[in-house]
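This is what each chain is made of:
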Amino acid sequence: MAETRRRLRSSTVVLGGMGVLAAALSACGSDPDRRCVDRDSYDYINGYKIVADKNCSSGTSSSGKGRKTGKTKVTDADWYYDADVSGGWADDGTFSRDEAVDRGGFGCSGSGSGGG
């Protein structure tokens, strides 16, 4: 009976570990870090200015569509993926979600999805 109990425990640990691994890979691999940026705000040193998420469509891309936010108008807001973020600016990323997923590989490549 002790041998049966031991076998049950080890298989439970293996199955539980595989579930955790599967959850971690699917959570990180399929959804890259993204920021909503104004395409027209590019600065050679800083990159793109991060704007409020509401300026970008909830879908994949809003390229070419201006959104009005109060008194200011963000003329070309779009999602910018896997960028280095510093002081409200995002640089070294991509506007292509597919490219961001491809270059991300295993694990998470950023932290959170903030901005606004």
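Residues numbered from 1 in each chain as written. Predicted model: local features only at pLDDT ≥ 70, side-chain atom pairs only at ≥ 80, totals over all residues. Heavy atoms only, no water.

## Considering the overall build of the protein chain
This is how it is decided: Numbering of helices and strands runs from the N terminus; a helix is a DSSP stretch of H or I covering at least four residues, while a strand is a stretch of E covering at least two. Buried means the residue's accessible area, taken with a 1.4 Å probe over protein chains only, is under 20% of the maximum for its type, while exposed means over 50%, and partly exposed covers the values in between. Two residues qualify as a contact provided that any one of their heavy atoms is within 4.5 Å of a heavy atom in the partner residue. All accessible areas in this document rest on Shrake-Rupley with a 1.4 Å probe, and a residue is counted as covered only by the protein chains that are shown.
Check the secondary structure of the protein chain and you find two helices and seven strands. Taken from N to C terminus, the helices and strands of the protein chain fall in the order α-β-β-β-β-β-β-β-α. Within the protein chain, the proportion of its 116 residues that are buried is 24%. Partitioning the intrachain contacts of the protein chain with sequence separation of at least 6 by distance along the chain shows that 51% fall at a separation of at least 24. Carbon and sulfur atoms make up 54% of the accessible area of the protein chain, which amounts to about 7,700 Å² in all.

## A look at the pairing of strand β5 (residues 77-81)
The condition is simple: Any two strands with at least two DSSP-identified bridges between them are counted as paired.
Among the five residues in β5, five count as buried, and that is most of the element. Bridging between strand β1 (residues 34-43) and β5 involves five bridges; their strand directions are antiparallel. If you follow V37 over to β5, its bridge partner there is D78.

## Examining the pairing of β1
Pairing of β1 with strand β2 (residues 47-50), which is carried by three bridges, proceeds in the antiparallel orientation. The residue of β2 that forms the bridge with D43 is G47.

## Here's the deal with the packing of aromatic side chains
The following threshold applies: Ring pairs shown here join Phe, Tyr and Trp side chains whose ring centres sit within 6.5 Å, with only the six-membered ring taken for Trp; geometry is labelled stacked below 30 degrees between planes, edge-to-face above 60, and tilted in between.
Within this structure, the stated rule accounts for four aromatic pairs. When the centroid spacing of 5.1 Å and the interplanar angle of 65° are considered together, the rings of Y48 and Y80 count as edge-to-face. A residue pair is termed long-range when its members are at least 10 positions apart, and Y48 in strand β2 and Y80 in strand β5 qualify at 32 residues. Take Y80: its relative accessible area is 4%, and that puts it in the buried class. Aromatic pair Y80 and F95: ring centres 4.7 Å apart, planes at 50°, arrangement tilted. Of the two residues, Y80 sits in strand β5 while F95 sits in the loop between β7 (89-91) and α2 (97-104), which places them 15 residues apart along the sequence. A residue is classified by how much of its surface remains accessible, and F95, at 22% relative accessible area, is partly exposed. Members of the aromatic cluster, each reached through a chain of ring pairs, are Y42, Y48, Y80 and F95.

## Looking at the nonpolar core
Just so we agree on the cut-off: Think of a nonpolar core as a cluster: buried Ala, Val, Leu, Ile, Met, Phe, Trp, Tyr and Cys residues, connected wherever their side-chain atoms sit within 4.5 Å.
Among the nonpolar cores identified, the biggest contains seven residues, and these are C36, V51, C56, A77, W79, Y81 and A100. It is β5 that provides the largest number of residues to this core, a total of three residues. If you look at the next biggest cluster of nonpolar residues, it comprises six residues, including Y48, I50, Y80 and A83.

## So, the state of the cysteines
Applicable threshold: Pairs of cysteine sulfur atoms within 2.5 Å are identified as disulfides in what follows.
Within the structure shown, the criterion is met by one disulfide. Between the sulfur of C36 and that of C56 lies a disulfide, 2.1 Å long from S to S. Judged by the sign of its S-S torsion, about 95°, the bond between C36 and C56 is right-handed. Residue C36 is found in strand β1, and its partner C56 is found in the loop between β2 and β3 (67-69); the two are separated by 20 residues along the sequence. With respect to burial, C36 and C56 carry one shared label: buried.

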